[in-house]
Amino acid sequence: MRVSEAKAENTTGSKKGHTGLSQKEASRKHEKYGPNTIVQKKKVSPIKILLDQFSDFMVIILLACTVISTFMGEITESVTIIAIIAVNAVLGFVQEYKTERTMEALKSLAAPAARVIRDGILCSIPAEQLVPGDLTVLEAGDRVPADAILIEANNLQVDESLLTGESHPVEKSLQEYGKEGGSTDKKLNKVFMGTIVINGRARAVVHSTGMLTEMGRIADMIQGIEDEQTPLQKRLDHLGRYIVYGCLIICFIVSVAGILRGEALFTMLLAGISLAVAAVPEGLPAIVTIALALGVQRMLKRNALIRKLPAVETLGCASVICSDKTGTLTENKMTVRKIYAGESILNVTGDGHSFEGGFAIGNKEVRLQKLYPAKLALEIGGICNNAKISPASDQDKGALGKIKSVLTKHQRWEGSGDPTETAIAIAAGKAGLSPEVLDRLYTRIDELPFDSERKCMTVVCTRGVREVFAFTKGAPDVIIEKCNKIHTANGIIELNRVIKKSIMKINDNMAGEALRVLGVAYRQLDSKSCEKRQLEQDLIFVGLIGMIDPPRREAVEAVRKCRMAGIKPVMITGDHKVTATAIAKEIDIYSEGDRVITGDELDRMDDEMLARVADDTAVYARVSPKHKLMIVRVLKKLGHIVAMTGDGVNDAPAVKEADIGVAMGVTGTDVTKEASSIILMDDNFATIVAAIEEGRVIYNNIRKFIRYMLACNIGEVLTMFLGMLMGLPLPLLPIQILWVNLVTDGLPAIALGLDPPERDIMMRPPRGSKENIFAHGLLSLILFRGILIGLSTLAVFTSVMHFKADVDTARTAAFLTLVITQLIHVFECKSEKKTIFEIPVFNNIPLVISVVISLAMILGVIYIPALQGIFNTVPLEAGEWLMVAGFSLLAPIASGFFSINGK
Ligand code: ATP
């Protein structure tokens with residue numbers, strides 16, 4: 001598409017005024033202009049993944065040796081070895097390919113969304129579906145989804161540093177040029193893709209999309225989930241190198257010693273290399289990645305989207321969760337319950353979804369016509385309001401509901417926008433002040449949007465031709481400080497300190513009932529062009545509006561789980577101290593003796609002072625986003641691993657600073673989401689706890705298969721090494737070693753990564769962040785069991801040699817023992833605390849299936865005559881089977897008996 005075309009289309013869009021494009025038109029344009037994306041990052045091609053499977057140095061050498069042995073006449077053996085390598089490669093390919101695709105799917109889930117008006121309805125769509133002409137709505141914290149021309153702007157400030165390098169936010173307006181004018185680069189009425197709305201609200205018509213945007217020119221700046229390696233992966237890479245060197249040295253010694261003892265040169269070379277291929281746990285990093293990817297998928301099912309892979313590991317170490325209150329610990333479904341105005345406290349009846357219900361003083365119903373200040377309070381709340389309430393769709397209702405809806409009082413309403421504002425709009429509706437009524441009375445001409453730093457918002461409206469008013473609502477303590485008069489039942493009087501104190505007392509009482517309280521005030525202006533900073537001063541106080549926001553039921557259980565898991569839950573909220581404490585008490589975050597610290601108190605503290613009390617503090621109230629940063633910093637200094645939630649644009653620094661930054665998927669701004677490592681798709685506190693649980697499970701499962709793989713590999717190397725030291729013939733042939741590797745290392749190890757959580761996973765304290773993967777005796781468990789596997793195999797080999805003096809039978813028995821000991825050990829790895837007799841075997845069906853497949857594979861090469869020749873195996877007799885079974889079971893029985901399996 002050419003730019004001129006897009007511009008032409010854009011004009012059509014703007015003409016559509018406030019209804020935006022129709023869905024039909026948008027799809028037509030989407031087809032024409034393509035997706036609104038910057039060039040896709042190159043995907044890893046399947047061919048590359050497949051070729052990578054053969055790029056391992058040892059595999060190349062093994063292939064080379066096999067080719068040589070083909071020329072030396074060992075055709076069947078060579079073909080089999082190549083087949084084994086190929087099957088291994090295919091397995092590796094399938095695993096990696098699946099992981100790659102899973103990660104890609106996750107990335108697309110995290111893709112940015114855009115708010116657009118289509119067919120007159122405000123909706124959220126994936127930003128890539130935006131087309132020229134779309135009418136988009138922007139708010140503080142949004143990343144601008146495409147280049148667009150403003151048609152409405154309220155105090156819009158945009159951070160364009162991404163494009164211009166200029167760190168100061170640019171004030172945007174409907175004017176084309178700034179005062180200095182001239183420069184086309186500085187068009188003030190345009191917003192650009194990728195820049196961030198710092199303040200204000202706007203509507204803009206999309207002008208260019210995708211590669212035609214300014215951002216499109218700087219194509220490599222695309223954001224996405226980072227493909228970062230986790231600390232564990234890095235450490236394993238490091239460890240892997242030492243294991244490789246160690247194995248290579250041992251394999252070299254085995255080969256040289258064999259040659260010196262007179263074994264055939266080529267057989268020993270092949271044996272050494274096969275052993276190296278089998279012993280080097282080259283699959284380890286891949287399996288760690290698979291375990292992480294599977295875990296990430298499981299977390300997604302529980303509504304936690306991981307943006308940065310290292311967070312999966314850090315989650316298991318979390319020792320403090322700092323959570324917002326509204327919407328995370330509470331439902332964010334607000335209903336106005338109380339109004340204080342004109343010296344009276346009114347109860348509001350009915351629910352938060354319809355205009356049904358009314359007002360009462362005590363139990364006595366009252367009509368608001370007689371209580372003007374209360375009506376005025378709702379009028380201000382209804383006008384100073386950006387929520388859109390619309391009739392709920394009748395779809396889910398029965399016939400009765402549909403009939404009821406005809407009567408407007410029974411009509412159920414749905415709100416889009418801030419739930420606080422929706423609740424007030426519905427309460428205003430109960431007083432006969434529906435949005436239509438208010439729209440007829442007032443015309444909004446300006447707005448100072450709400451922000452959690454100022455804790456209030458103001459709109460400027462005209463009534464009739466001459467009257468201009470500023471209406472303000474916000475945190476009562478903030479509002480009251482901006483007022484010098486009060487609207488009483490008997491008219492407007494001076495607001496003195498005594499009245500202020502009594503209002504704050506009433507506010508405290510309402511807050512004590514866990515109500516979220518807002519104050520409302522107004523002032524009449526002389527003209528439409530009042531200075532913005534003067535709008536919120538010399539106001540007339542009108543009243544308080546109190547609403548309930550019930551705690552989420554699942555939060556109570558999640559907090560209990562946190563406590564059992566040694567994790568401290570902390571509430572951080574912009575809300576009033578008393579409201580916050582009341583809710584915190586209900587969900588058990590706060591108990592007698594805990595501290596509650598307010599934003600004002602934090603302002604008077606330095607980091608050291610906070611550090612002294614932070615461990616005893618359960619609630620931080622009336623805080624601003626800047627305080628969150630201080631809290632994270634101090635908790636981290638105290639040695640905690642901190643998870644911190646955030647939604648607003650100003651929360652991003654704290655979310656970024658936290659060990660685990662958690663953004664809200666529903667209410668969160670793009671900027672906070674980009675700063676986070678996890679996004680909660682349902683904004684729910686319980687989801688953080690679920691993610692922590694999954695994080696612990698993943699780490700545990702990684703420990704399980706590291707234990708398994710390393711113990712098995714030690715067993716294999718030891719068998720060959722000790723056999724050589726003892727002057728025995730080769731206990732296993734190269735092809736047998738490769739088969740053991742294929743049978744035991746692949747499927748069972750992956751299946752261990754799927755192991756369900758152990759029951760007590762959330763009853764253990766958090767893991768230390770610097771804790772070694774081999775901590776808590778894992779290394780000795782691995783060494784001990786590795787040695788036992790090696791010794792059992794050698795014992796079987798030497799015993800059969802002793803009784804039968806037939807090397808093929810001895811090798812077959814050793815071959816079988818090596819596999820069976822490993823397949824028994826895989827079950828032992830399910831727990832570090834329980835013995836094989838206590839471990840639930842059937843709670844991981846994939847593991848059981850993979851063990852059955854592995855058993856069939858080993859029995860197949862021993863008992864299928866066609867394969868016996870290739871693998872140099874012979875069928876075993878009862879006596880040999882007894883020996884195999886005896887030695888294979890010796891270790892687990894001994895461990896169980898003496899409880900040495902980690903107890
Ligand atoms: P949390 O930080 O837990 O999400 P919160 O929603 O109370 O809680 P903020 O959004 O920072 O935190 O709000 C701070 C205060 O500002 C609120 O307690 C309320 O008094 C006031 N407030 C909230 N929303 C609005 C709004 N839309 N208009 C005016 N004032 C508001």
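Check the entry above for the structure.
Residues numbered from 1 in each chain as written. Predicted model: local features only at pLDDT ≥ 70, side-chain atom pairs only at ≥ 80, totals over all residues. Heavy atoms only, no water.

Student: I'm lost on the sheet that holds strand β25 (residues 617–621) in this one. Help?
Tutor: With respect to topology, eight strands assemble into an open sheet ordered β8-β28-β27-β26-β9-β23-β25-β24, the strand pairing being mixed. Each edge of the open sheet carries a strand with a single partner, namely β8 (304–306) and β24 (595–598). Strand-to-strand twist across the sheet, computed as the mean angle between neighbouring axes with direction ignored, equals 20°. Here helix α21 (residues 607–614) sits on the sheet in contact with β23 (568–572), β24 and β25, set at roughly 130° to β25. Sheet contacts for helix α22 (residues 625–637): β9 (320–324), β23, β25 and β26 (642–646); angle to β26, the most-contacted strand, approximately 170°. (Pairing = 2+ DSSP bridges. Helix = DSSP H or I, 4+ residues; strand = E, 2+ residues; numbered from the N terminus. Axes fitted to C-alpha atoms, helices over the stretch in contact; angles between N-to-C directions. Contact = heavy atoms within 4.5 Å.)

Student: Just checking my understanding: could you explain the environment of Gln-524 for this structure?
Tutor: Assignment of secondary structure puts Gln-524 in strand β21 (residues 515–525). Overall, the relative accessible area of 43% leaves Gln-524 in the partly exposed class. The spatial distance from the C-alpha of Gln-524 to the C-alpha of Asp-538 is 9.9 Å, given a sequence separation of 14 residues. Setting aside residues up to four positions removed in sequence, Gln-524 forms contacts with Glu-467, Val-468 and Phe-469. (Buried < 20%, exposed > 50% of the residue type's maximum accessible area, 1.4 Å probe, protein only.)

Student: Looking at this model, I keep getting lost on the side chain of Thr-458. Mind explaining?
Tutor: Examined against the element boundaries, Thr-458 turns out to sit in strand β17 (residues 456–463). With relative accessibility at 0%, the residue Thr-458 sits in the buried group. Within polar-contact distance, the side chain of Thr-458 engages the side chain of Thr-472 at 2.9 Å. Excluding its chain neighbours within four sequence positions, the residues that come into contact with Thr-458 are Cys-384, Glu-447, Leu-448, Ala-470, Phe-471, Thr-472, Leu-535 and Glu-536. (Polar contact = N/O pair within 3.5 Å; in protein donor to acceptor, adjacent residues only side chain to side chain.)

Student: Just to check I follow, could you spell out the packing of aromatic side chains for this structure?
Tutor: Geometry of an aromatic ring pair is reported as the spacing of the ring centres plus the angle between the planes. This structure, assessed with the given rule, holds six aromatic pairs. Judged by centre distance (6.5 Å) and plane angle (35°), the rings of Phe-471 and Tyr-522 are tilted. Of this pair, Phe-471 sits in strand β18 (residues 467–474) while Tyr-522 sits in strand β21, and the two are 51 residues apart along the sequence. With a relative accessible area of 2%, Phe-471 lands in the buried category. Judged by relative accessible area, which is 10%, Tyr-522 ranks as buried. A network of ring pairs unites the aromatic residues Tyr-442, Phe-469, Phe-471 and Tyr-522 as a single cluster. A cation over a ring is seen here: Arg-767 above Tyr-699, with NZ or CZ 3.4 Å from the ring centre. (Phe/Tyr/Trp six-rings, centres within 6.5 Å; stacked < 30°, edge-to-face > 60°. Lys NZ or Arg CZ within 6 Å of the ring centre and 35° of its normal.)

Student: Explain the pattern of salt bridges to me, please; I cannot follow it from the model alone.
Tutor: It is possible for side chains of opposite charge to pair when their charged atoms get near one another. Throughout the structure, instances matching the rule amount to 40 salt bridges. For Asp-575, the salt bridge identified is with Arg-516, shortest N-O distance 3.2 Å. One end of the pair, Asp-575, is in the loop between β23 and α19 (577–586); the other, Arg-516, is in strand β21, and 59 residues separate them in sequence. Neither residue differs from the other here; Asp-575 and Arg-516 are each classed as buried. Several salt bridges converge on common partners, so that one network encompasses Arg-115, Glu-139, Asp-142, Arg-201, Arg-444 and Glu-447. (Salt bridge = Lys/Arg side-chain N within 4 Å of Asp/Glu carboxyl O.)

Student: I would appreciate a short explanation of a nonpolar patch on the surface in the present structure.
Tutor: Together, Ile-249, Phe-252, Ile-253, Val-256 and Leu-260 give the surface a local cluster of nonpolar side chains, amounting to about 510 Å² of exposed area. Mapping Ile-249 onto the fold places it in helix α7 (residues 231–260). Among the residues examined, Ile-249 registers a relative accessible area of 51% and is labelled exposed. (Patch = residues over 30% accessible without salt bridge, like charges linked within 9 Å, V, L, I, M, F, W, Y side chains within 5 Å. Areas by Shrake-Rupley, 256 points an atom, 1.4 Å probe, with all protein chains shown as cover.)

Student: Whenever I open this one, helix α26 (residues 734–745) confuses me. Can you help?
Tutor: In an α-helix, one full turn covers 3.6 residues, which means residues spaced three or four apart are oriented alike. The terminal C-alpha atoms of α26, which comprises twelve residues, lie 16 Å apart, in line with the 16 Å expected from a rise of 1.5 Å per residue. Those residues of α26 that sit buried are Pro-734, Ile-735, Gln-736, Ile-737, Leu-738, Trp-739, Val-740, Asn-741, Leu-742, Val-743, Thr-744 and Asp-745. (Expected span 1.5 Å × (residues − 1).)

Student: I would appreciate a short explanation of the packing of helix α28 (residues 778–804) against helix α29 (residues 807–828) in the present structure.
Tutor: For any two helices packed against each other, one specifies the inter-axial angle together with the distance between the axes. Viewed as axis vectors pointing N to C, α28 and α29 meet at an angle of 155°, and their least axial separation amounts to 8 Å. If you check the angle between α28 and α29, you find them roughly antiparallel. Every pair of crossing elements has a handedness; the one defined by α28 and α29 is right-handed. Between α28 and α29, the contacting residues are Arg-785, Ile-789, Ser-792, Thr-793, Val-796, Phe-797, Val-800, Met-801 and Lys-804 on the first element and Val-807, Thr-809, Ala-810, Arg-811, Ala-813, Ala-814, Thr-817, Leu-818, Thr-821, Gln-822, His-825 and Glu-828 on the second. (Parallel < 35°, antiparallel > 145°, perpendicular 65-115°, else oblique. Left-handed = near helix turned anticlockwise from the far one by under 90°.)

Student: For this particular structure, what's the right way to read the side chain of Asp-324?
Tutor: Mapped onto the elements, Asp-324 comes out in strand β9. For Asp-324, the side chain forms a polar contact with the side chain of Lys-628, separated by 2.7 Å. When neighbours within four sequence positions are excluded, Asp-324 is seen to be in contact with Leu-329, Ile-572, Lys-628, Thr-645, Gly-646, Asp-647 and Asp-651.

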